[in-house]
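A closer look at the structure
Now for the letters of each chain:
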Amino acid sequence: GVQALLRKLQSLVEVPGRLRRWAAPGAEPARALRCHARARAVLRHYRHLPSFRAIEDESHAIMADLAQRLRARLRDDTLDPKELTECVEMLLQLEEPPEELCEEFLSHAGARLEAELAALEAELPPADPSGTAATPPPASDILDFVDRGSSAFVGNLCLLAASYRSLFEGRPGAGDGRLEAFAATLTSHYFELLERRLALERGLGDTSLLVRALDRFHRRLRALLELLPAAGAEAGAALVARAARERVDRYLRALQTFFLGCLGDVRQALAAPRPPGKEGPGLPDLLATLASSVLGQLKAVLAYVQLFTAKDVAFASLPYFKGEFCVEVVREGLVVAFVRWLCRTARGFADGPAERGAPAAPPALLLLLTRLCLDYEATTISYILTLTDEQFPPQDTGPAVTPGPALCAEARGAAQRLLDHYVQVQGAAVAQMLRKSVETRDWLGTVEPRNVRAVMKRVVEDITAIDVQVGQLFEEGVRRAQSSDSSRRAFSVYSSSRAPGRYAPSYTPSAPMDTHLLSNIQKLFSERIDIFSPVEFNKVSVLTGIIKISLKTLLECVRLRTLGRFGLQQVQVDGHYLQLYLWRFAADERVVQGLLDEVAASAAHRCLDPVPMEHSVVELICERG
């Protein structure tokens, strides 16, 4: 026992020498700390003895010198995280104040992390609040940016948090939320830089690259949040959701631009000159190309957007991407918004006034868009919504969605407005020809009619061309049963439906009972003709609407002219010619007959010498014409 005691005393005597040797610069300070820790309790216990007090004082001086050198090293900016942790750990073993070490540890680590954030910020163009300056393209892609940010900044922040917890956990003055506040400030700065980098992704680019970048960011952020739950979980998730939503918004704008480009191609195809003997693409071909191109582009966009909800993507498990993203962003914000925009754009060709100098939409385009909107109402909208719900299934408790029938109603409303506008445009074109032909002719001094006027032949030709055009996209429709002599019906100022034969002998300029009075009496008992009635989606209804506008214009123009005998007879010949050819286009031949009867009656009323031409002569002239 005495020998063991002597050996212990000898080791205590040798403590200052060992400490001096191991605590010297460049030596092994960790061994010095272990040696001092073993001897410290004994030296303190026997401190009242002069010899032990001298050993303790000398050891304390050596360790104080070591602590001073460690603190100097702590202020070295080149210290890496591992060396920083070792340095602080040794100072804690030397019983340095934890509050001061905590501050110095966070200050040194913060400077290093701020330098890493500054390196990331150097790659970004300066922030432009006005948004007017041209932004150069980024030097590296988004995945490379996130990789460097995750491996350097987020990785070092995770190491810092783990080291801080192991060093200061449970120590007084170091566990009062300093680390959480410190990390929250840095992560908010990192989120801001990442937000600025994401804003540089102006084009569509590679969506899979963006999804991989957001996935890696989310995975590294999740590892950080396991250490520091208050480091910005909500802000990180909101950043990912915002990036996904902005990409979907860009896809919506790209779809709109694509559709407008397709419309431009259609207009160019319709307006392109055709070589003699060579026909261009028909309306059914143009419609099929337009519809298939737009639908194919929409399906491709949905496939790209589906990458955000893939099973191997970490952030796809967030509640946002299971509910709100599928319904509000994709279904409502992309698919429903595009269909509604398409219907509004198509309707704008009928509702919106054309810009000054801009060419009006060709009638064929109005007809094609009408058919497109009808097809969307019939099948396309339900197909698109079903496809969207399959790829992005909505939750049972999710927000309300736009029902399919509501979208179909919008598409049908746009189709109806376009078709009504088509009828008005084509009717106005034919009516303009008739109006000019009536206004520019001298009806008092005209010679006896020998031919049908050329404008009437042109009217029949134009109506025939419109019939062929409408027939390419619409069904025939239902006609009223025709009488057996529709094309041979007599047309004169004494129409059988308006002036019975017994009144004919009394028709002279001085007779008080004239055909105008008889016509007005007959109107009381005949069915009213609505000129601008809604048009149905079939060829017969469209042609009937155009014919009604044209003949009503002819009637109103004749009412404003004063005619001589031969002028009246020319109106009689022209009207009979129109009757011969136009009845076959109308849904009800009585509409054509009624309007032409009114034209004849008005002409007779405005005539100074109302002597009609023999019906046989009228027929002969029309057949020869």
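Residues numbered from 1 in each chain as written. Predicted model: local features only at pLDDT ≥ 70, side-chain atom pairs only at ≥ 80, totals over all residues. Heavy atoms only, no water.

Put simply, the rule reads: UniProt positions are given in the numbering used here, feature names are shortened, and annotations may be inferred rather than shown by experiment.
Naming follows an unreviewed UniProt entry, where the protein chain appears as Vacuolar protein sorting-associated protein 51 homolog of Cochlearius cochlearius. Listed under Sequence similarities (unreviewed entry) in UniProt, the entry text for the protein chain is "Belongs to the VPS51 family."

1. Details of empty space enclosed by the protein
The following threshold applies: A cavity here means a set of 1 Å grid points, computed over protein atoms only, where a 1.4 Å probe fits but cannot escape. A pocket is an open set with protein on both sides within 12 Å along at least 5 of 7 lines, and lining residues have an atom within 4 Å of a point. Grid points are joined across faces, edges and corners, and a volume is the space filled by probe spheres set on the points. For this classification, Asp, Glu, Lys and Arg are treated as charged, while Ala, Val, Leu, Ile, Met, Phe, Trp, Tyr, Cys and Pro are nonpolar and the rest, including Gly, are polar. Where helices and strands are cited, they refer to DSSP runs of H or I of at least four residues and of E of at least two residues respectively, numbered from the N terminus.
One pass over the full model with this rule turns up six cavities of 30 Å³ or more. The wall of the largest cavity is formed by 14 residues, among which Pro81, Leu84, Ala109, Arg112 and Leu160 lie closest to the centre. Considered class by class, the residues forming the lining of the largest cavity number eight nonpolar, four polar and two charged. Its volume calculated, the second largest cavity comes out at about 70 Å³. Lining the second largest cavity are 12 residues, and of these Met456, Leu554, Val571, Asp574 and Val599 sit closest to its centre. Of all elements in the fold, only helix H17 (539-559), helix H18 (565-582) and helix H19 (589-605) reach the threshold of two or more residues within the lining of the second largest cavity. Ranked by residue count, the leading element in the lining of the second largest cavity is H18, at four residues.

2. Digging into the pattern of salt bridges
Between side chains of opposite charge, a pair can form when the charged atoms approach closely. Going by this rule: Each reported salt bridge corresponds to a side-chain nitrogen of Lys or Arg within 4 Å of a carboxyl oxygen of Asp or Glu. Relative accessible area decides the class of each residue, using a 1.4 Å probe on protein chains only: under 20% of the type maximum gives buried, over 50% gives exposed, and in between gives partly exposed.
Inspection of the entire model under this criterion finds 23 salt bridges. With a shortest N-O distance of 2.9 Å, Arg435 and Glu439 are connected by a salt bridge. Placement of the pair is Arg435 and Glu439 together in helix H14 (residues 404-439), with a separation of four residues, close to one helical turn. For Arg435, a relative accessible area of 28% corresponds to the partly exposed category.

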